[in-house]
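Tertiary structure, described
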Amino acid sequence: QVQLVESGGGLVQAGGSLRLSCAASGTIFRINNMGWYRQPPGKQRELVAAITRGGSTNYPDSVKGRFTISRDNAKNTVYLQMNTLKPEDTAVYYCNAFVLTTGQAINTYWGQGTQVTVSS
């Protein structure tokens, strides 16, 4: 019904930057809240950033000031600009979206994840 595909992950040196993208496709009437989560090796998944359809954002202290979430509603795409990356940012990053379909059902969808590795 709805697919989320992440891209932009990779290997980067500490202090570098990456920009992740997540494009939603399928039966979509409207995408409400979107977010990025990450799961470091051996750890639980955690929220990285969240954004409402209107553009309000929320970040945990671990990334505040370094990461920026944004979205393009016309493209059904959410982005995560990651600056001043640290080795502890290494994780699989997952896109999340609350999608209203044409059938008026709201479901939460997840992408497959994209690996971000920050070397020291």
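Here goes a summary of the coordinates provided. This structure is a prediction, so every number in the text was calculated from the model and none was measured.

**Details of the environment of Tyr37**
Relative to the assigned elements, Tyr37 resides in strand S4 (residues 30-39). Contact partners of Tyr37, with chain neighbours within four places excluded, come to Arg45, Glu46, Leu47, Val48, Val92, Tyr93, Tyr94, Asn96 and Trp110.

**Comments concerning the sheet that holds strand S3 (residues 18-26)**
In spatial order, the strands read S1-S3-S8-S7; together these 4 strands make up an open sheet with antiparallel pairing. Strands with a single pairing partner mark the edges of an open sheet, and in this sheet they are strand S1 (2-7) and strand S7 (67-72). Each neighbouring strand pair of the sheet contributes to a mean axis angle of 15°, computed without reference to strand direction.

**A look at the pattern of salt bridges**
Considering all chains together, one arrives at 4 salt bridges under this definition. Residue Arg38 is joined to Asp89 by a salt bridge in which the shortest nitrogen-to-oxygen separation is 2.9 Å. In this pair, Arg38 is assigned in strand S4 and Asp89 in the loop between strand S8 (77-82) and strand S9 (91-100), connecting sequence segments 51 residues apart. Take Asp89: its relative accessible area is 1%, and that puts it in the buried class. Across the salt bridge formed by Asp61 and Lys64, the nearest N and O atoms sit 3.4 Å from each other.

**Brief notes about the packing of aromatic side chains**
The full count for this structure, using the stated rule, is 1 aromatic pair. Sitting over the face of the ring of Tyr94, Arg45 holds its NZ or CZ atom 3.7 Å from the ring centroid. Here the basic side chain of Arg45 rests over the ring of Trp110, its NZ or CZ set 4.9 Å away from the ring centre.

Basis of the calculations
- Residues numbered from 1 in each chain as written.
- Predicted model: local features only at pLDDT ≥ 70, side-chain atom pairs only at ≥ 80, totals over all residues.
- Heavy atoms only, no water.
- Helix = DSSP H or I, 4+ residues; strand = E, 2+ residues; numbered from the N terminus.
- Contact = heavy atoms within 4.5 Å.
- Pairing = 2+ DSSP bridges.
- Axes fitted to C-alpha atoms, helices over the stretch in contact; angles between N-to-C directions.
- Salt bridge = Lys/Arg side-chain N within 4 Å of Asp/Glu carboxyl O.
- Buried < 20%, exposed > 50% of the residue type's maximum accessible area, 1.4 Å probe, protein only.
- Phe/Tyr/Trp six-rings, centres within 6.5 Å; stacked < 30°, edge-to-face > 60°.
- Lys NZ or Arg CZ within 6 Å of the ring centre and 35° of its normal.

Shape descriptors only; they carry no functional weight alone.
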